[in-house]
Amino acid sequence: MQKFNRDDVDIITREPIREGFLSLYRYRLRHRLFAGGWSPEFEREIMDRGHAVVVIPYDPERDCYVLLEQFRIGALDEADHHGTSPWLLEFVAGMVDKPDETPEAVAARELDEEAGLTASHFHYALTYLSSPGGCTEKITIFVATVDSSQAAKQGGLATENEDIRVHVLPRTEVEALLEHGKINNAASVIGLQWMQLHRQRLLQR
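In short, a report on the structure. Every value quoted in this text rests on a predicted model; they were computed, and no experiment measured them.

### Some details on the packing of aromatic side chains
Then comes step 1: Using the criterion set out here, one finds six aromatic pairs in the structure.
Then comes step 2: Ring plane angle 50° and centroid distance 5.2 Å describe the contact between Tyr58 and Tyr65, whose orientation is recorded as tilted.
Then comes step 3: Judged by its relative accessible area of 0%, Tyr65 falls in the buried class.
Then comes step 4: Look at Phe122 and Phe142: their rings are 6.2 Å apart centre to centre, the planes differ by 75°, and that puts the pair in the edge-to-face class. Of this pair, Phe122 sits in strand E8 (residues 121-129) while Phe142 sits in strand E9 (residues 138-145), placing them 20 residues apart in sequence.
Then comes step 5: With relative accessibility at 30%, the residue Phe122 sits in the partly exposed group.
Then comes step 6: Exposure remark for Phe142: the relative accessible area of 2% places this residue in the buried category.
Then comes step 7: Grouping aromatic residues by their ring pairs yields a cluster made of Tyr58, Tyr65 and Phe91.
Then comes step 8: Arg14 extends its terminal NZ or CZ atom over the ring of Tyr25, reaching a point 3.9 Å from the ring centre.
Then comes step 9: Against the face of Trp38 rests Arg30, its NZ or CZ located 4.2 Å from the ring centre.

Here's what the structure looks like:
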């Protein structure tokens with residue numbers, strides 16, 4: 001269906017603006033046009049923060065999710081303007097720290113660090129680009145089959161300034177939180193909607 005691929009983009013220059021936890025680059029490029037020929041040269045700035053893994057801990061025996069609550073600086077502006085909380089309800093997540101680290105290894109590590117859990121199974125759900133208009137980040141979502149009775153009360157690493165409260169909630173309550181906009185970060189919304197579509201198939205497995 002898609003007419004073009006990577007060979008149809010011509011990168012003329014790639015200039016680093018800032019390199020660090022969030023790295024910023026300025027590209028000068030052109031690409032092929034649907035009507036034929038090439039676009040004029042133009043500039044775009046792109047943020048590179050690496051790739052992330054999200055884990056949805058689900059307990060099929062108790063039909064409940066393990067949900068995290070933690071501070072997110074990106075939610076401060078929303079809190080200032082709309083009186084919401086910058087402590088968000090979300091699922092386990094972490095960055096791929098090393099070039100040879102697999103998403104499954106990240107999922108297992110973060111599940112232990114943030115929720116104190118070990119999965120009996122990891123089920124791959126989907127991979128998506130979080131904001132491809134200005135960011136390279138790719139997010140991979142797994143569903144982890146867990147025993148929620150073993151969840152920690154608090155999680156996270158002090159060395160990474162993480163302070164996480166762990167909640168074990170019935171599936172129906174979590175879906176109600178989603179419905180009422182109380183779960184409002186992209187990865188958790190996408191992951192929960194995926195679960196609503198595929199949970200029965202997972203249970204049959």
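Next comes the rest of the write-up.
### Side note on helix H2 (residues 103-115)
Then comes step 1: Compared with an ideal rise of 1.5 Å per residue, which puts 13 residues at 18 Å, H2 spans 17 Å between its outermost C-alpha atoms and is within 8% of the ideal.
Then comes step 2: The set of residues buried in H2 consists of Val106, Ala107, Glu110, Leu111, Glu114 and Ala115. The arc enclosing the buried residues of H2, seen along the axis, measures out at 130°, which places them on a common side.
Then comes step 3: Trailing H2 by a residue or two, Gly116 shows a phi angle of about 70°, which is positive.

### Looking at the nonpolar core
Then comes step 1: In this structure, Tyr65 and Met195 are the most contacted members of the largest nonpolar core, which totals 24 residues.
Then comes step 2: When contributions to this core are tallied by element, the ones reaching two or more residues are strand E4 (52-59), strand E5 (64-71), E8, E9, helix H3 (171-179) and helix H4 (186-204).
Then comes step 3: Residue contributions to this core peak at five residues, all from H4.
Then comes step 4: In this structure, Tyr65 is in contact with Ile56, Pro57, Tyr58, Phe91, His167, Val168, Leu169, Arg171, Val174, Leu192 and Met195, ignoring residues within four places of it in sequence.
Then comes step 5: In terms of nonpolar packing, the next biggest core, distinct from the first, is built from 17 residues, Val66, Val106, Ala119 and Ile164 among them.

Parameters at a glance
- Within any chain, residue numbers begin from 1 and follow the written order of that chain's sequence.
- Where local features are concerned, this predicted model is filtered to residues with pLDDT of at least 70; where side-chain atom pairs are given and counted, the filter is 80 or more; whole-chain, interface and lining totals use all residues.
- Excluded from the side-chain calculation are hydrogens and water; included are all heavy atoms of the structure.
- By convention, a stacked pair of Phe, Tyr or Trp rings (six-membered ring in the case of Trp) has centres within 6.5 Å and planes under 30 degrees apart, an edge-to-face pair has planes over 60 apart, and any other such pair is tilted.
- For the exposure calls, accessible area comes from a 1.4 Å probe over protein chains only, and a residue counts as buried if that area is under 20% of its type's maximum, exposed if over 50%, partly exposed in between.
- Note on conventions: DSSP H or I runs of at least 4 residues are helices, E runs of at least 2 residues are strands, and numbering of each starts at the N terminus.
- A ring is considered to have a charge above it if a Lys NZ or an Arg CZ atom is located within 6 Å of its centre and within 35 degrees of its normal.
- Expected span of a helix, by definition, is 1.5 Å for each gap between consecutive residues, and there is one gap fewer than residues.
- Arc, as used here, means the arc of the directions from the helix axis to the C-beta atoms.
- We define a nonpolar core as any set of buried Ala, Val, Leu, Ile, Met, Phe, Trp, Tyr and Cys residues linked to one another through side-chain atoms lying within 4.5 Å.
- Contact criterion: two residues are considered in contact whenever any of their non-hydrogen atoms come within 4.5 Å of each other.

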